[in-house]
Amino acid sequence: MNYNKIVSGKAGTEKFFLGNEAIVRGAIESGIDIYTFYPGTPSSEVGENFMEIFREAGMRWVEYSINEKVAIEVAGAAYARGAKAMVGMKNVGLNVASDPLFALATTRPKNENSAMVILVADDPQQYSSAVEMDSRYFLKIFKIPALEPSNPQECLEFTKEAFNISKELKLPVILRTVTMISHARSNVVIGEIKTSGIEENFDLSKEVNVASRVYFLELKEDQIYNRLKRALEMSENSSLNRIVNENSKNPYDLGIITSGVSYSYTNEALDFFELEAPILKIGFINPLPERKIAEFLRNFKQIFVIEENDTFLETQILAIAQKNRFNVKIHGKDPFSYSKENTLLPMVGELNPTKVALALVKVLNLKPRIDLRQINKKYNLMARQAILCAGCPHRATGYALQKAIKKIKLKTGKDIYFYQDIGCYTLLALPPFSFANVKYCMGSSIALAQGVARTSVSLNIAIIGDGTFFHSGIPALINGIYNNTPILVLLLDNGWIGMTGQQPNPGSDTRYYKEGSTKEAINLEDFLHGTGANISTINHYEKDDEKYISNLTKLIFEKGVDVIENRKLNVILIRDECIQKTIKREAPTIRYVNPELCNNCGLCYNKLMCPAIDSKEEFAFIDRNLCLGCGICEEICPNNAIEKEEPK
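Sequence order sets the numbering: in each chain, residues are counted from 1 along the sequence as written. Selection of residues for local features in this predicted model requires a pLDDT of at least 70, selection of side-chain atom pairs for listing and counting requires 80 or more, and totals for whole chains, interfaces and linings are taken over all residues. As a rule here, side-chain values come from all non-hydrogen atoms in the structure, and water together with hydrogens is ignored.

### Focus on the sheet that holds strand 7 (residues 173-178)
Taken together, 7 strands build an open sheet; the order of strands is 3-2-4-5-7-6-12 and the sheet is mixed. Looking along the sheet, the strands with just one partner apiece sit at the ends: strand 3 (61-64) and strand 12 (284-286). One bridge is not enough; two strands pair if DSSP finds at least two bridges between them. The numbering of helices and of strands both runs from the N terminus, where a helix is a DSSP run of H or I of at least 4 residues and a strand a run of E of at least 2. Two strands pair when backbone bridges link them, and strand 6 (residues 146-147) and strand 12 are joined in this way by 2 bridges, in the antiparallel orientation. Across the sheet, the residue bridging to alanine 146 is asparagine 286, located in strand 12. Note on contacts: a residue pair qualifies if any of its non-hydrogen atoms lie within 4.5 Å across the two residues. Angles here are taken between N-to-C directions and fall from 0 to 180 degrees, while the axes themselves are lines fitted to C-alpha atoms, restricted in helices to the stretch in contact. The sheet contacts of helix 7 (residues 152-169) involve strand 4 (84-90), strand 5 (115-122), strand 6, strand 7 and strand 12, and relative to strand 5 the element is tilted by about 135°.

### With respect to the pairing of strand 19 (residues 570-575)
Counting buried positions along strand 19 yields 6 of 6 residues, so the element is predominantly enclosed. Here's how the labels work: a residue is buried when its accessible area is under 20% of the maximum for its type, exposed when over 50%, partly exposed in between, all with a 1.4 Å probe on protein chains only. The alternating pattern of strand 19 places Asn570, Ile572 and Ile574 and Val571, Leu573 and Arg575 on opposite faces, both of which are buried. Judged from the 6 bridges that link them, strand 17 (residues 488-493) and strand 19 form a sheet pairing that is parallel. Opposite aspartate 493, over in strand 19, you have arginine 575 as the bridge partner. Taken together, the 6 bridges between strand 18 (residues 534-539) and strand 19 define a ladder with parallel strand orientation. Each bridged residue has a counterpart across the sheet, and for serine 536 the counterpart in strand 19 is isoleucine 572.

### Description of helix 5 (residues 91-104)
The end-to-end C-alpha distance of helix 5 is 19 Å, a good match for the 20 Å that 14 residues give at a rise of 1.5 Å each. What is called the bend at a residue is the angle between a pair of axes, fitted to the seven residues leading up to and ending at it and to the seven starting from it. In the structure, helix 5 departs most strongly from a straight axis at serine 98, where the bend amounts to approximately 60° and where the proline proline 100 lies between one and four residues downstream. Residues of helix 5 that are buried: Asn91, Gly93, Leu94, Ala97, Ser98, Pro100, Leu101 and Leu104. Each element contacted by the buried residues of helix 5 is listed here: helix 4 (68-80), strand 4, strand 5 and helix 6 (138-142). Expected span, for any helix, means 1.5 Å times one less than how many residues it has.

### Things to note about unusual backbone geometry
Residue proline 42 follows threonine 41 across a cis peptide bond; omega there is 15°. Along the chain, the position of proline 42 falls in the loop between strand 2 (34-37) and helix 3 (44-53). Note that the residue after proline 431, namely proline 432, is joined by a cis bond; omega there is 10°. If you trace the backbone, proline 432 turns up in the loop between strand 15 (416-419) and helix 17 (445-453).

### Focus on the domain arrangement of the protein chain
What fixes the domain bounds is an automatic or database domain assignment. Taken as a whole, the protein chain is organised into domain 1 (4-198 + 209-234), domain 2 (241-373), domain 3 (393-582) and domain 4 (591-644). On a C-alpha basis, the centroid separation for the pair domain 1 and domain 2 is 28 Å. At the interface, 26 residues of domain 1 touch 30 residues of domain 2. In this assembly, domain 1 packs against domain 2 so that about 2200 Å² is buried in total across both faces, 53% of it on carbon and sulfur atoms. Buried area: the accessible surface (1.4 Å probe) lost by two parts on joining, summed over both. Interface area lost by domain 1 to domain 2 is led by Arg136, Tyr137 and Glu148, which between them contribute 25%. For salt bridges, the criterion is a side-chain nitrogen of Lys or Arg within 4 Å of an Asp or Glu carboxyl oxygen. Counting across the interface, domain 1 meets domain 2 through 3 salt bridges. A salt bridge links glutamate 154 to arginine 242, with the nearest nitrogen and oxygen atoms 3.9 Å apart. N or O atoms closer than or at 3.5 Å make up a polar contact, with two conditions inside protein: a donor-capable atom paired with an acceptor-capable one, and, for residues adjacent in sequence, both atoms drawn from side chains. Where domain 1 packs against domain 2, one counts 18 residue pairs in polar contact (both at pLDDT 80 or more). With 4 residues, the top contributor of residues to the side of domain 1 that touches domain 2 is helix 10 (residues 216-237).

### Concerning empty space enclosed by the protein
Of the grid points, spaced at 1 Å and generated over the protein atoms alone, those admitting a 1.4 Å probe that cannot get out make up cavities, while open sets with protein on both sides within 12 Å along at least five of seven lines make up pockets; any residue with an atom within 4 Å of a point is treated as lining. Grid points are joined across faces, edges and corners, and a volume is the space filled by probe spheres set on the points. Counted according to the given criterion, the structure contains 6 cavities of 30 Å³ or more. In this structure, the largest cavity encloses a volume near 120 Å³. Every residue lining the largest cavity is counted, 18 residues in all, and those nearest its centre are Ala390, Gly391, Cys610, Cys630 and Cys633. Taken together, the residues of the lining of the largest cavity sort by class into 13 nonpolar, 3 polar and 2 charged. Side-chain classes follow a simple rule in which Ala, Val, Leu, Ile, Met, Phe, Trp, Tyr, Cys and Pro form the nonpolar group, Asp, Glu, Lys and Arg form the charged group, and the remainder, Gly included, forms the polar group.

### Focus: the pattern of salt bridges
Here the structure, examined in full by the defined rule, presents 27 salt bridges. The salt bridge involving lysine 69 is made with glutamate 73; its shortest N-O contact spans 2.6 Å. In this pair, lysine 69 and glutamate 73 are both assigned in helix 4, 4 residues apart and thus about one turn of the helix distant. A residue is classified by how much of its surface remains accessible, and lysine 69, at 31% relative accessible area, is partly exposed. Notably, a salt bridge pairs glutamate 168 with arginine 230, separated by 3.4 Å at the nearest N-O pair. Taken together, the residues glutamate 168 in helix 7 and arginine 230 in helix 10 connect sequence positions 62 residues apart. Residue classification places arginine 230 among the partly exposed residues on the basis of a relative accessible area of 34%. Through salt bridges with shared partners, a single network forms among Asp122, Asp134, Arg136, Glu148, Arg176 and Glu307.

### Points about the sheet that holds strand 9 (residues 242-244)
Reading across from one edge, 9-11-10-13-14 is the order of the 5 strands in this open sheet, with mixed pairing throughout. In this open sheet, the two edge strands, each paired with only one partner strand, are strand 9 and strand 14 (329-331). Sheet twist, expressed as the average angle between the axes of neighbouring strands with direction ignored, equals 25°. Note that strand 13 (residues 302-306) and strand 14 share 3 bridges and pair parallel. Along strand 14, the bridge assignment pairs isoleucine 303 with isoleucine 330. This element, helix 11 (residues 261-273), spans strand 9, strand 10 (254-259), strand 11 (279-282) and strand 13 of the sheet and lies at about 145° to strand 10.

So, in structure tokens, the structure goes:
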């Protein structure tokens with residue numbers, strides 16, 4: 001990735017930016033001082049860009065925080081002392097950050113330069129998330145302004161506006177994007193980069209920064225009746241809320257209200273029908289401009305509210321229409337019926353131009369030139385299987401675990417259940433391993449296992465990665481140790497936050513990432529010993545253990561039986577680096593199949609299910625373009641048919 005393009009270029013020139021890259025540019029054009037984040041698709045690129053350019057851009061600090069709660073707190077205190085601060089996360093990260101943010105939102109820094117923007121990237125259609133969540137409803141709880149861009153150019157402009165609004169109101173402002181905006185790419189006109197306005201002398205008066213009973217209610221009143229009221233006035237007058245095609249006419253007396261990526265889908269659907277309609281495009285999504293919406297409603301007999309996921313806009317627009325006693329038909333998702341048949345647009349998954357067009361057919365009784373239902377139909381196409389990378393150490397763990405649980409069941413006769421977490425190893429929930437009975441959210445696996453262990457005599461196994469453990473798994477483990485809960489914890493330490501792009505975590509080897517020289521790595525084994533946990537460690541980093549699978553299988557068997565028989569908590573720390581990081585430092589040792597020894601038993605491609613191995617004619621075949629040299633297949637082959645040297 002060319003990071004330099006974000007900080008280079010004169011004002012007025014065009015850059016071909018991702019939405020996320022445009023957000024970074026907008027922030028440095030605002031004079032940002034500090035950015036904190038926890039990586040999560042679709043927001044990760046923002047933090048990665050800041051990590052590369054923050055010194056060149058004149059910023060004070062950027063960090064991968066341990067989780068979103070800590071990220072809000074670090075940036076929040078910087079904001080309180082007069083910094084322009086920004087925090088980044090994906091939708092579910094806002095859940096983690098909500099506790100401090102609720103308090104932070106009521107505070108009122110006295111420093112002139114103080115401004116805070118919170119980037120929240122939602123993931124409709126759940127492309128890379130445990131759940132699909134519409135973060136807009138948090139806005140009513142936090143009572144803070146929010147903006148929603150609809151393309152990369154607006155990502156830049158709305159970021160700058162968010163900083164301006166926050167600086168004026170002394171309220172944090174949420175910048176909400178979705179996957180198709182964060183990862184869209186288009187030409188973006190850039191502006192001037194500003195230098196920070198932060199001062200070394202600052203005011204941290206407790207009466208405006210301390211969330212306590214003494215000050216809280218007064219601050220909350222000021223937040224609602226002064227600052228949020230001013231935010232409403234700003235929303236009413238903001239160019240971010242504008243009527244597009246204001247003078248256009250249509251025979252249906254139809255107006256449309258929409259926001260964000262739905263605006264783009266709406267335009268495409270209207271173009272398909274060669275139909276024009278005035279569109280009230282909402283960019284300042286909280287507080288909504290009530291007066292502007294009421295004036296728009298007054299001009300039409302029909303209004304179509306088009307938005308993804310929940311009915312955040314529609315519910316409020318219905319209330320505005322009722323409050324003003326307008327005789328206007330409002331089409332949308334009918335938020336009070338919960339009827340799939342009656343809703344015009346789905347409340348689950350992404351919108352697209354076809355879905356919007358089909359809804360327009362129903363509203364206006366249109367006759368499209370082609371059968372839109374066929375376009376929107378779900379076809380049984382060959383889908384790419386979700387699978388662990390070739391050479392992934394989690395595959396070796398899954399294979400050993402599969403062998404171990406068979407032996408445990410045979411010896412003890414007990415049922416075995418698995419509790420998954422968020423990370424690459426979540427793919428162990430899929431065939432051929434299928435290790436998943438319950439999964440909720442980041443860091444929950446260890447506590448989930450405790451809940452069943454306390455109500456049954458089964459063996460309960462929690463599977464969690466090092467990044468997730470640091471993020472929010474530690475309290476649950478301490479709870480299990482303190483309460484002496486009989487569970488088996490498999491802590492899969494691959495050294496990095498693998499699923500979101502191999503970002504570092506507190507346990508990462510500081511030699512192997514750019515900012516490592518300024519960090520102090522935490523040794524997970526020492527940390528676990530410090531908790532008093534019964535810990536066993538197996539280390540496959542060096543890839544020289546010819547009996548690694550056998551040893552890991554034996555260890556899981558012994559500790560699983562110990563949990564059942566002695567009713568105690570055991571932790572197995574399984575250390576094996578993410579293969580995607582290993583191969584960046586050293587060339588992989590490719591394995592080959594000796595066809596003279598292979599009897600095509602299928603163990604390597606059916607049981608281990610390595611994507612680099614397949615069946616070819618009457619023997620197994622390793623694709624040298626996919627093999628990353630982990631060597632697990634060589635160990636498990638019963639015929640010693642897999643070798644390091646290519647057969648002659």
